[in-house]
Amino acid sequence: MKDLTKSTRRRWWWALWGLLAVSAAAVALYSAEPYAVGDVERNRIPLDPGVASHYLSIAVHAIPSSLALLIGPFQFLTRFRVRYPRVHRVAGRVYMVCVVLGSMAALFAAAFSVSGFSVQVAFFILTAAWLYTLVQAFRTIRRGEVGLHRVWMIRNYALTFASVSLRIYLGLGLALQANYFPSLTFDDVYHASAWASFLVNVLVAEYFIVQRVLRPAARRQGAAATAPASAGDGRRVPVDAVGAAGSGSGTRGRT
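Residues numbered from 1 in each chain as written. Predicted model: local features only at pLDDT ≥ 70, side-chain atom pairs only at ≥ 80, totals over all residues. Heavy atoms only, no water.

So, the packing of aromatic side chains
Here's step 1: Under the criterion given, the structure shown has 10 aromatic pairs.
Here's step 2: Between Trp-14 and Trp-17, the ring centres sit 5.7 Å apart and the planes meet at 75°, which makes this aromatic pair edge-to-face. Of this pair, Trp-14 and Trp-17 both sit in helix H1 (residues 6–36), separated by 3 residues, roughly a single helical turn.
Here's step 3: Its relative accessible area of 37% is what places Trp-14 among the partly exposed residues.
Here's step 4: Between Phe-76 and Tyr-157 the ring centres are 6.0 Å apart and the planes differ by 65°, which places this aromatic pair in the edge-to-face class. Remark: Tyr-157 occurs in helix H6 (residues 146–160) and Phe-76 occurs in the loop between helix H2 (54–75) and helix H3 (78–83); sequence separation between them is 81 residues.
Here's step 5: Within the aromatic cluster, the residues linked to one another by ring pairs are Trp-14, Trp-17 and Phe-74.
Here's step 6: Across from the ring centre of Trp-152, 4.6 Å away, lies the NZ or CZ of Arg-155, which sits over that ring. (Phe/Tyr/Trp six-rings, centres within 6.5 Å; stacked < 30°, edge-to-face > 60°. Helix = DSSP H or I, 4+ residues; strand = E, 2+ residues; numbered from the N terminus. Buried < 20%, exposed > 50% of the residue type's maximum accessible area, 1.4 Å probe, protein only. Lys NZ or Arg CZ within 6 Å of the ring centre and 35° of its normal.)

Below you can see the structure in the form of structure tokens.
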């Protein structure tokens, strides 16, 4: 991407963002629709017949989590954040409430999952990381640390997007099973997909954070640290001064 022109990079960005938004919207609507209308017969997740509230926990998880999945892509649009800061903050609060509700219900649903211990552990880890990254994102924006808030929200939405990744890996895994690995069972594919759905997303998110957030910021800070203090003044700007200026102690941000 280093050798690409600015316009080409912009086109790639919008293409990837569009793919992210469309896939998120498709999975969100697919996941939430049967629970929004209360049709138990169309439940897509195996239920524990001995737990009456298992279906309710899945529904409470599916609806707010799907809304968070829909909101997320728009929160990363710079023009949207700059032009409509109030909408961005309100949407952020709605997103936060959705993640909290969805994660609480997910913990209960995973505890009674009939898909096996491996899947339960995977979903417990995913939910714990989902909540932790949300708390860190909230804490950083309350302190006015906008850059760190963005980093934590990238991590958080990568975990939200696990619902999309799970279905992609499950579909690919079942196709490979049918054509190349007939000895595998559905449970084998589902268990592997459950773990890959968030582990791969975490790796992709960290790569994006390093390449597209931290590295450009470090280059800008390095350039500013060696730039002349003013026109006609040969003095250099101290690195500590640049770091202090970049930390942003102005208006406190809000989620």
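Here the narrative resumes, following the displayed structure.
Some thoughts on the UniProt feature "transmembrane region" (unreviewed entry) in the chain
Here's step 1: Mapped onto this structure's residue numbering, the UniProt feature "transmembrane region" (unreviewed entry) falls at residues 12–32, 52–78, 90–111, 117–135, 156–177 and 189–210.
Here's step 2: The span residues 12–32 carries 100% helix and 0% strand; its end-to-end C-alpha distance comes to 30 Å. (UniProt positions renumbered as here; feature names shortened; annotations may be inferred.)

Overview of the nonpolar core
Here's step 1: In terms of nonpolar packing, the biggest core is built from 38 residues, with Leu-69, Tyr-95, Phe-123 and Tyr-157 touching the most fellow members.
Here's step 2: Secondary structure elements with two or more residues in this core: H1, H2, helix H4 (85–111), helix H5 (117–142), H6, helix H7 (162–179) and helix H8 (186–226).
Here's step 3: With sequence-adjacent residues up to four places away left out, Phe-123 is seen in contact with Ala-110, Leu-166, Tyr-190 and Ala-194.
Here's step 4: Grouped together as the second largest cluster of nonpolar side chains are 6 residues, Tyr-35, Ile-58, Ala-62 and Ala-109 included. (Core = buried A, V, L, I, M, F, W, Y, C linked by side-chain atoms within 4.5 Å. Contact = heavy atoms within 4.5 Å.)

Side note on the packing of H6 against H8
Here's step 1: At a minimum axis distance of 8 Å, the contact between H6 and H8 shows a crossing angle of 155°. Judged on the interaxial angle alone, H8 and H6 are roughly antiparallel. Of the two possible hands of crossing, H6 and H8 adopt the one that is right-handed. Packed against H6, whose contacting residues are Arg-150, Val-151, Ile-154, Arg-155, Ala-158 and Leu-159, the element H8 presents Phe-198, Asn-201, Val-202, Ala-205, Glu-206, Phe-208, Ile-209 and Val-213 at the interface.
Here's step 2: Broken down by class, the residue content of the contact of H6 with H8 amounts to 10 nonpolar, 1 polar and 3 charged. (Axes fitted to C-alpha atoms, helices over the stretch in contact; angles between N-to-C directions. Parallel < 35°, antiparallel > 145°, perpendicular 65-115°, else oblique. Left-handed = near helix turned anticlockwise from the far one by under 90°. Nonpolar A, V, L, I, M, F, W, Y, C, P; charged D, E, K, R; others polar.)

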